[in-house]
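Reading the structure
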Amino acid sequence: MRPATVLLIVLGACALASAEQKADAIFLKRQLQVLNLLRHLNQPLIDPELLVFKNSFSPLNNLNKFKDPTAVKNFLKLVTEGKLLERDAIFSLFDARQRAQMVTLFEVLYGATDYDTFLKAAAWARDRTNPRQFLYAFSVALLHREDCRGVILPPAYEITPHMFLTTDVVRKAYQAKMMRTPTVIPMKFTGSVNNPEQRVAYFGEDIGMNSHHSHWHMDFPFWWKQEYTVDKDRKGELFFYMHHQMVARFDAERLSNDLPAVEPLEWDQQITEGFAPAATYENGQEFPMRPDNMKFCDLPSLSVRDMKIVEGRIRDAIASSFVKTADSRLLSINNTAGINLLGEIIESSANSVNPVYYGQLHNDGHVMLSKVTDPLQRYGVPPGVMEHFETATRDPAFFRLHKHVDNLFKLHKDLLLPYDVSELDFPGVKIEAVKVVGSCKASTPNQLITYFDESHIDLNNIVENVGQEQPVDIKAVVSRLNHEPFKYVITVNSKKPVRGIVRIFLAPKLNWFGQRVPLDVARWGFIELDRFPVRLASGDNIVSRNSVDSIITVPEPRSFSNLVSDVEKAIRGEQVFSYDKYYRHCGFPRRLLLPKGKPEGMVYQLYVVVTDYDKDIVEPGIQPEDVENLSSLGYCGVMGGKIPDGRPMGFPFDRRIVSPEQFLTPNMEVVDITIKNVKQKPAE
Ligand SMILES: [Cu+2]
């Protein structure tokens, strides 16, 4: 007789709710101060409390309140000697001098020994520093300070809208402000139907994805030093995996629009596709356009030959399975941890074992693309979109550069031994069935629905305010990809009570030519949809998991104006303001979890794998409930802690698959699902 079916409680929903807590007066005050500090970043502070700090706080008289008084003195020196980047210049994190200034300010803010000093120092520095240079230093400090846990930064596209919006929208916003007329301005994606790349512009230009990308690089700065003490567990591997997934996701989006997979860039070949950002910096300079078929050019301090030499050394290291450290030791990368070393080397980060020898391939690739239209600065053209993490994915060349980088990681992964059955199987656990069920009334089993809806961007910050005048309601409206929420229903049979980790991946079933491709080829394009722990009882278990609980995604952020009004109401006692101290700004937008699919339906395959929790987890004491509290773990890891899942990211599809028959053990299941793109959001 079969044991009775056991209905599992989905851990996500209950545990996540418990991470929320009611904000007390101290938290509310801090949240409001942060919002006031970031409001109208390009104009001097107007908030009376912060103005007092700006004018009366003396960093020099408070040196004992900073962990690193030298950083304070160095920053003061830059200010008093007028050496800081001008306020209306364009800040680039890739410029070594500008970055060093930003890092000094970060060290001042991060090293403030208490919250009050942090805030006063920030208010003091804000109007003395380039706004985006300040914003980056302040944001990274806030995200890493224990006393700011749970404080929400407003959406990046509402703090610095110029970096996300097209010039025509900005101009109309100025007009509306001058006329003091509340306005909603429609924003189009760049390009025209004459350019096939425009079909996927909605993806590359998605403001939520650009915001995710910029936040990833705030949570894992390439310049992060070990002395800052916050643990950046598997940062190099995360660099590989998050960008690998972005490329896989882009390719899936391209297939949905009848475009072939993106081609990798090569240093001595033409960059076939141009890009016209149609956007303008805050200071009025236009983001440069890159015509079709340009070639990489030497920059004054970086040649194309340098790029090839450095890449050759990386390829040598991969082929020989050893990297050479700065003190001439050889470290093996022929193991699970090798990808982390390689990620740090290729990015390259301050953790690279040998930055002089292996260079900074990825970062320099961004700069080479950014400056390709005026490499010698003969015309004073400002940096291109590729030079900023919040604008880079707009350019299709971003995905081409990352495909090139991703192929290096693949070279390495393909040299590792394929997993054997004992590493893949979960003895005693068998997946009996998998289905996905949409939430709308008319939903068909195993058919998921995507659609485009509209999102509003608060443009109040784009236009300067005079004194304390009432803001005019000006918004941009953008079209964005979304989908009906759905749930996975997985029937798992277990011979005994065990704990497992469910790993869910999605992949297009056919390639651009309409052909099936071998699993070993397809696996590199797999998109991770979710990964979560379960407790399995003896017998059949129905595991039910909602798509909104995915560890890949984050929900829509609250708008700047809603944040301000919610906090103000809570301060007046009119409503409760809840916050989550695990809140992450980094994370793929929930709306973009699924690729668009096609109006007639497009077939994908869903791979579900259950592995042994007790074997996978890095520390035996970690409970499934602890894991469930961590938001956007998949692409963004853990802030200041260990990633609980010890398996390589992308497991088990990260290594070669020699025989699909042997690979697909009973704890795995594959089902076909269809993704259909409809014109209008279906009725709930
Ligand atoms: Cu990136």
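Note that this is a predicted model, so its numbers are computed, not measured. (Residues numbered from 1 in each chain as written. Predicted model: local features only at pLDDT ≥ 70, side-chain atom pairs only at ≥ 80, totals over all residues. Heavy atoms only, no water.)

With distances of 2.0 to 2.1 Å, the protein atoms coordinating the copper ion are His213 (NE2), His217 (NE2) and His243 (NE2). Expressed as a motif, the donor residue spacing for the copper ion is H-x3-H-x25-H. Taken as a pair, His213 and His217 lie in helix H11 (residues 207-219) at a separation of 4 residues, close to a single helical turn. Across this residue pair, the class does not change: His213 and His217 are buried. (Donors = N, O, S within 2.8 Å, 3.2 Å for Na, K, Ca; no water. Helix = DSSP H or I, 4+ residues; strand = E, 2+ residues; numbered from the N terminus. Buried < 20%, exposed > 50% of the residue type's maximum accessible area, 1.4 Å probe, protein only.)

To continue, consider the packing of helix H3 (residues 48-56) against helix H6 (residues 115-126). The N-to-C vectors of H3 and H6 enclose an angle of 80°; their axes lie 7 Å apart at closest approach. The angle between the axes of H3 and H6 places the two elements in the roughly perpendicular class. Contact residues: Leu50, Phe53 and Lys54 in H3; Leu119, Lys120, Ala123 and Trp124 in H6. Here the contact of H3 with H6 is built from residues that sort into 5 nonpolar, no polar and 2 charged. (Axes fitted to C-alpha atoms, helices over the stretch in contact; angles between N-to-C directions. Parallel < 35°, antiparallel > 145°, perpendicular 65-115°, else oblique. Contact = heavy atoms within 4.5 Å. Nonpolar A, V, L, I, M, F, W, Y, C, P; charged D, E, K, R; others polar.)

The full count for this structure, using the stated rule, is 1 disulfide. Considering cysteine sulfurs only, Cys586 is the nearest to Cys148, which forms no disulfide, with 18 Å between them. (Disulfide = S-S within 2.5 Å.)

Turning next to helix H5 (residues 96-110). In an α-helix there are 3.6 residues to a turn, and that puts residues three or four apart on one side. With 15 residues, H5 extends 20 Å between its outermost C-alpha atoms, agreeing within 8% with the 21 Å of an ideal straight helix rising 1.5 Å per residue. The buried fraction of H5 is high, at 12 of 15 residues. Inspection of H5 places Gln98, Arg99, Gln101, Met102, Val103, Thr104, Leu105, Phe106, Glu107, Val108, Leu109 and Tyr110 among the buried residues, and these make up the whole buried set. Contacts from the buried residues of H5 go to helix H4 (69-80), H6 and helix H7 (131-144). In this structure Asp95 caps H5, since a side-chain oxygen of it lies 3.0 Å from the backbone nitrogen of Arg97. (Expected span 1.5 Å × (residues − 1). Polar contact = N/O pair within 3.5 Å; in protein donor to acceptor, adjacent residues only side chain to side chain.)

So, about the packing of helix H2 (residues 25-38) against H6. Between H2 and H6, the shortest axis-to-axis distance is 11 Å and the interhelical angle comes to 10°. Here H2 is positioned roughly parallel relative to H6, judged by the angle of their axes. Contacts between H2 and H6 involve Arg30, Gln33, Val34 and Leu37 on the former and, on the latter, Tyr115, Leu119, Ala122, Ala123 and Arg126. Counted by class, the contact of H2 with H6 contains 6 nonpolar, 1 polar and 2 charged residues.

A few words on the sheet that holds strand E16 (residues 602-612). Judged by pairing direction, the sheet is mixed, and its 7 strands sit side by side in the order E3-E8-E7-E17-E16-E10-E11 without closing on themselves. Whereas interior strands pair on both sides, the edge strands pair on one side only; in this sheet they are strand E3 (183-186) and strand E11 (527-536). Adjacent strand axes in the sheet meet at a mean angle of 30°, parallel and antiparallel pairs treated alike. Sheet topology note: the strand E7 (residues 447-458)/strand E8 (residues 474-483) ladder contains 9 bridges and is antiparallel. By the bridge assignment, His456 is partnered in E8 with Val477. Sitting on the sheet, helix H12 (residues 235-256) touches E8, strand E10 (498-508), E11 and E16, and the angle it makes with E11 is about 115°. (Pairing = 2+ DSSP bridges.)

Under the present numbering, the feature "domain: Tyrosinase copper-binding" (unreviewed entry) in UniProt falls on residues 395-406. Between the C-alpha atoms that bound residues 395-406 the distance is 17 Å, and the span itself is 92% helix and 0% strand. (UniProt positions renumbered as here; feature names shortened; annotations may be inferred.)

With that settled, consider the pairing of strand E17 (residues 668-677). Looking at chain direction, E7 and E17 are connected through 4 bridges and run parallel. Each bridged residue has a counterpart across the sheet, and for Leu448 the counterpart in E17 is Ile675. Sheet topology note: the E16/E17 ladder contains 8 bridges and is antiparallel. Paired with Val609 across the bridge in E17 is Met668.

A separate point is the packing of aromatic side chains. Taken as a whole and assessed by the stated rule, the structure comprises 45 aromatic pairs. For the ring pair Phe106 and Tyr110, a centre distance of 5.1 Å and an interplane angle of 10° mean the geometry is stacked. Here the residue Phe106 and the residue Tyr110 both occupy positions in helix H5, the gap between them amounting to 4 residues, near one helical turn. Exposure remark for Phe106: the relative accessible area of 0% places this residue in the buried category. Look at Tyr110 and you get buried, because its relative accessible area is 13%. Positioned above the aromatic ring of Tyr115 is the side chain of Arg30, whose terminal nitrogen or guanidinium carbon lies 4.1 Å from the ring centre. Cation over ring: Lys232 sits above Trp224, and NZ or CZ is 4.7 Å from the ring centre. (Phe/Tyr/Trp six-rings, centres within 6.5 Å; stacked < 30°, edge-to-face > 60°. Lys NZ or Arg CZ within 6 Å of the ring centre and 35° of its normal.)

The next thing to look at is the domain arrangement of the chain. Parsing the chain into structural domains produces domain 1 (21-151), domain 2 (189-415) and domain 3 (421-677). For the domain 2 and domain 3 pair, buried surface summed over both sides reaches about 3900 Å², with 60% attributable to carbon and sulfur atoms. Its largest share of buried area at the contact with domain 3, domain 2 owes to Tyr241, Arg249 and Leu255, together 16% of the area lost on that side. The interface formed by domain 2 and domain 3 holds 6 salt bridges in total. The partner of Asp414 in a salt bridge is Arg523, with the nearest N and O atoms 2.9 Å apart. Viewed at the interface, domain 3 and domain 2 are joined by 26 residue pairs in polar contact (both at pLDDT 80 or more). For the side of domain 2 that touches domain 3, the secondary structure elements donating two or more residues are helix H10 (201-204), H11, H12 and helix H17 (396-415). (Domains from an automatic or database assignment. Buried area = accessible area lost by both parts, 1.4 Å probe. Salt bridge = Lys/Arg side-chain N within 4 Å of Asp/Glu carboxyl O.)

Bringing the environment of Val608 into the picture now. Counting through the fold element by element, Val608 comes out in strand E16. For the pair Val608 and Ile490, spaced 118 residues apart in sequence, the C-alpha separation works out to 8.6 Å. Discounting residues that sit within four places of it in the chain, Val608 has contacts with Ile431, Val434, Ile490, Val502, Arg503, Ile504, Asn667, Met668 and Glu669.

Any two side chains of opposite charge can pair, given that their charged atoms come close. Scanning all chains against the criterion turns up 42 salt bridges. Lys225 serves as the salt-bridge partner of Glu107, at 2.9 Å between the closest nitrogen and oxygen. Here Glu107, found in helix H5, pairs with Lys225, found in the loop between H11 and H12; they are 118 residues apart in sequence, far enough to count as distant. Here Glu311 and Arg315 are joined by a salt bridge, their closest N and O atoms 2.9 Å apart. Note that Glu311 and Arg315 are positioned in helix H13 (residues 304-320) at a spacing of 4 residues, about one turn of the helix.

Along its 14 residues, H2 runs 20 Å from first to last C-alpha, staying within 8% of the 20 Å computed at 1.5 Å per residue. For H2, the buried fraction is high: 10 of the 14 residues fall into the buried class. Residues Phe27, Leu28, Gln31, Leu32, Gln33, Val34, Leu35, Asn36, Leu37 and Leu38 constitute the buried set of H2. Among the structural elements, H3, H6, H7, helix H8 (156-159), helix H20 (560-571) and strand E14 (578-580) are those in contact with the buried residues of H2. At the C-terminal side of H2, His40 shows a positive phi close to 45°.

This part is about the side chain of Arg290. For Arg290, the location among the structural elements is in the loop between H12 and H13. Among the residues examined, Arg290 registers a relative accessible area of 5% and is labelled buried. Side-chain polar atoms of Arg290 contact the backbone oxygen of Glu273, separated by 3.0 Å. Once residues lying within four places of it in the same chain are set aside, the contact partners of Arg290 are Ile271, Glu273, Gly274, Phe275, Leu369, Val372, Thr373, Asp395 and Ala397.

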